[in-house]
Amino acid sequence: MMVNILQGIILALTYSIHLSNAVNPAKENCLTYESNYPKTRACECVVYQSYGNSRGKFTSPNFPETYPRNINCILYTFIGDLGEIIELSFLEFDLKMPGQDRLLSISRVSAANRCTDFLKFFLDLDRAEVNQYSSWNYEVCGNISTIQKKHYSSGRSLILEFHSDTGPGNYTGFRGIFQFLDKNSYLQRSSVSQTAGREIMVHEGKFVTNGVRDPGTPCTYSYISTNSTKTGGLFSPRYPQNYPPGASCQFIFEGLPGEKVKVEFENIQLHHVDKRYQIGTKCPIEVADGLSTDTRTNPSCDESYDAILVHDGIDKSANVIGIFCDVHNTQVVKSSGRYMYIDFYSDDKDERQGFAAKYTFFTEHQTTADSRTTPSTATNCNRHISSADGKNGTITSPNYPNPYPGDITCRFTFEGSGPERVQLRFTHMDLYFPGGNAAKPHDCQAADSVTITIYINGEPTDLDTKCGRELPPMYMSNEHRMTVVFRSLTYSHTVTGFQADYAFVRNFGISTGEPDSRYLCGFNYKSILASSGFFTSPNYPGKYPRITECHYLFYGQKGEKVIIDFTKFEVDGVKPNCDEEHKSDYVSFSNFFTTQDRKMDRFCGLRTGKNNTVKSDGEFFKVTFKSNGIYDALGFMAKYRFVQTNNKQSPDVPKTSKAPRTYTIGGDSCSLYEHSQQWTSILCLLVFFLL
């Protein structure tokens, strides 16, 4: 016992000594700088030098105690050997931030929301020093759940600048591991060999995009299945370093006849701006990289500057089957045919690490018709159900409609492809329930039950568990797969089990409107085709799926407006803001195509009464439904009607300061303008002064 105690004391002392030696900033360490940057900013420096692929730890001062206030400047300088790069991995991170537990990008927020304690990253240095002209990549603050945990230099040098303000704070700072890596083993590179006029990537290194690059393009790759090549990797440019500004990359997959394409994104870290409104006002604020501690809040990608779009076909005209922005792990998409097209784009600022993915060309093995329709038996009731075998069918408990055996577990695994979602509707429910009223069961823990499981960020999540005789609502998966597990604890000769119909659907259970291929879930309603009608949330009247965003676009004829009346409305959320900050699902409205309408409130919660009508300003109107990965409800039903007004002007033309977006209706090319009356006035005033 005494020996163990002594060993523990020695380890604790060793750890304490190591921490005290881990960071020893001093002005003398900055003497190697040729510039006056450290002197003018009163910096102290700590230097980590490579000794041949060496590694070690770095910390903030006093870690794990709180770091001092009023740190003007500490420069952490990492210097590698020739042919090396630096990898930084943060294990703990806790810096003061301005009122929000999220990473803020300095260039995208107002001064009131800036990080006052921060780490500034210099990742693209030619030499192991900075000066007043050095370009830094980004500043970060917040906690470990909101930051990018791994960072890579582009060359042999990397510098962190640490600063804290004079205000009060009780924050522990940061702890991380640095490692000097062989550059050629990690970074993407291409050979000079040419095949059929195309440059081929060398299949070496850890992060290699296996594909044939189109000549004259920086990152457009083709992947063609062969008998010997069925899998490989694809990465954003420069991965694992941050992707460059203004990236535009395309990845085109072509399988053999009968094959499909599966792409699994193992890591997605893209810059994201989540536009919201100040509480109680119509004033917008921008929160960059709005990743909450609960990643199931699912940020909207509709206005994202950096995003990945996955199309179910050979080019971008094919239907969208996946849209990704912000931060995700383990996202899987499958094509419905032999082609897949992936488009990655970014703006010119606030770059992040990007994405890493692997692809596979595969063939789904179809089963016989008998295996699809044969009911489950007591000896083997597990079934894998693929949409390749059929788009709909029925599952039942063993021996249905006779009593099922006791002490048995049946697993039904559904797997679709492309934009397909699994829709499940129970038609019969009669399970043994010993705990009271089987028609209104309250606790299924000790009863026979059916559990519906979906997948969020690659992790299985139980959507619902039902028991007794209460008929469950209709369910829908949030992606192409779903699992249903039936558990029988006790045999009873009085019960008859369950029966459910399943279907693989592409329209999200929305039966009206014309599908819009620009969206994963989008529908057009045109006055020229129908002057009135209705539309619903996905899977209505069942529970709407989680992590789903649907757009309903209304196009009136000249001089028309659209009026929308919600006859049923139950969307989980917190009023009056109905925003992601409060983990709300919501319905939003806009008179613009690509931007939010700050004058129109969002809808959420249970809405009854007469205040459930909205009206457009002109011929165009957009309704957006968005759910997160936490809660669900029954959704909404709404009626719409186009009405003629006395205003005959063209929609939104005089209110624009941007180029029109072109779309097609009935073969005619139309222009839809993003607009703001305020900006039009400013533009006119500016032109007046210029003249």
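Residues numbered from 1 in each chain as written. Predicted model: local features only at pLDDT ≥ 70, side-chain atom pairs only at ≥ 80, totals over all residues. Heavy atoms only, no water.

(A) Broad picture of the pattern of salt bridges. Per the counting criterion, the structure on display carries 23 salt bridges. Across the pair R69 and D165 runs a salt bridge, and its minimum N-O distance is 2.4 Å. Of this pair, R69 sits in the loop between β2 (55–59) and β3 (74–79) while D165 sits in the loop between β9 (157–163) and β10 (173–182); the two residues are 96 residues apart in sequence, bridging distant segments of the chain. The class for R69 is partly exposed, based on a relative accessible area of 22%. Overlapping salt bridges bring together R69, K96, D117 and D165 as one network. (Salt bridge = Lys/Arg side-chain N within 4 Å of Asp/Glu carboxyl O. Helix = DSSP H or I, 4+ residues; strand = E, 2+ residues; numbered from the N terminus. Buried < 20%, exposed > 50% of the residue type's maximum accessible area, 1.4 Å probe, protein only.)

(B) Layout of the packing of aromatic side chains. Counting across every chain of the model gives 58 aromatic pairs. Ring centres of Y525 and Y640 lie 5.3 Å apart, and the angle between their planes is 65 degrees; on these two criteria the pair is classed as edge-to-face. Placement of the pair is Y525 in strand β36 (residues 522–526) and Y640 in strand β44 (residues 635–644), with a sequence separation of 115 residues. For Y525, a relative accessible area of 2% corresponds to the buried category. Relative to F642, the ring of Y640 has its centre 5.9 Å away and its plane inclined at 75 degrees; by these criteria the two rings are edge-to-face. Pair check on accessibility: Y640 and F642 agree, each one buried. (Phe/Tyr/Trp six-rings, centres within 6.5 Å; stacked < 30°, edge-to-face > 60°.)

(C) Geometry of the sheet that holds strand β30 (residues 449–456). With mixed pairing, the 5 strands of this open sheet are ordered in space as β26-β28-β33-β30-β31. The open sheet is flanked by β26 (383–386) and β31 (459–467), the only strands paired with a single partner. Adjacent strand axes in the sheet meet at a mean angle of 20 degrees when their direction is disregarded. Judged from the 8 bridges that link them, β30 and β31 form a sheet pairing that is antiparallel. What sits directly across from T453, in β31, is D462. (Pairing = 2+ DSSP bridges. Axes fitted to C-alpha atoms, helices over the stretch in contact; angles between N-to-C directions.)

(D) Representation of the state of the cysteines in the model. All told, the structure shown has 9 disulfides when counted by the stated rule. Disulfide pairing is shown between C43 and C73; the S-S distance is 2.0 Å. In this structure the cystine formed by C43 and C73 twists about its S-S bond by roughly 85 degrees; its chirality is therefore right-handed. Taken as a pair, C43 in the loop between α2 (37–40) and β1 (44–49) and C73 in the loop between β2 and β3 lie far apart in primary sequence, 30 residues in all. For the pair C43 and C73, one class covers both residues: buried. (Disulfide = S-S within 2.5 Å.)

(E) Inspection of the confidence of the model for the chain at higher detail. The share of residues in the chain with pLDDT of 70 or more is 78%, and the mean pLDDT across the chain is 81. Scored below 50 in pLDDT, residues 5–21 makes 6 contacts in the model with residues more than four places away or belonging to other chains. Per-residue pLDDT stays below 50 along residues 649–691; that stretch engages in 52 contacts with residues further than four places along the chain or on separate chains. (pLDDT = per-residue confidence, 0-100. Contact = heavy atoms within 4.5 Å.)

(F) Inspection of the sheet that holds strand β40 (residues 586–590) at higher detail. In spatial order, the strands read β35-β36-β38-β43-β40; together these 5 strands make up an open sheet with mixed pairing. Edge positions in the sheet fall to β35 (514–515) and β40, since each has one partner strand and no second. As paired strands, β36 and strand β38 (residues 548–555) are joined by 5 bridges and run parallel to one another. By the bridge assignment, K526 is partnered in β38 with Y555.

(G) Quick peek at the nonpolar core. Formed by 31 residues in total, the largest nonpolar core has its most connected members in F535, Y552, F554, I564, F566, V587 and F636. When residues of this core are traced back to their parent elements, those giving at least two are β34 (497–505), β36, β38, β39 (560–571), β40, β43 (620–627) and β44. Per element, the largest residue contribution to this core is 5 residues, and it comes from β39. Three or more residues apiece are contributed to this core by two domains, here domain 3 (383–505) and domain 4 (514–644). Once you skip the residues sitting within four places of it in the chain, Y552 turns out to touch I510, F523, Y525, F535, T536, S537, P538, F621, K622, V623, F625 and F636. By size, the runner-up hydrophobic cluster in this structure holds 29 residues, among which are Y76, F78, I86 and F178. (Core = buried A, V, L, I, M, F, W, Y, C linked by side-chain atoms within 4.5 Å. Domains from an automatic or database assignment.)

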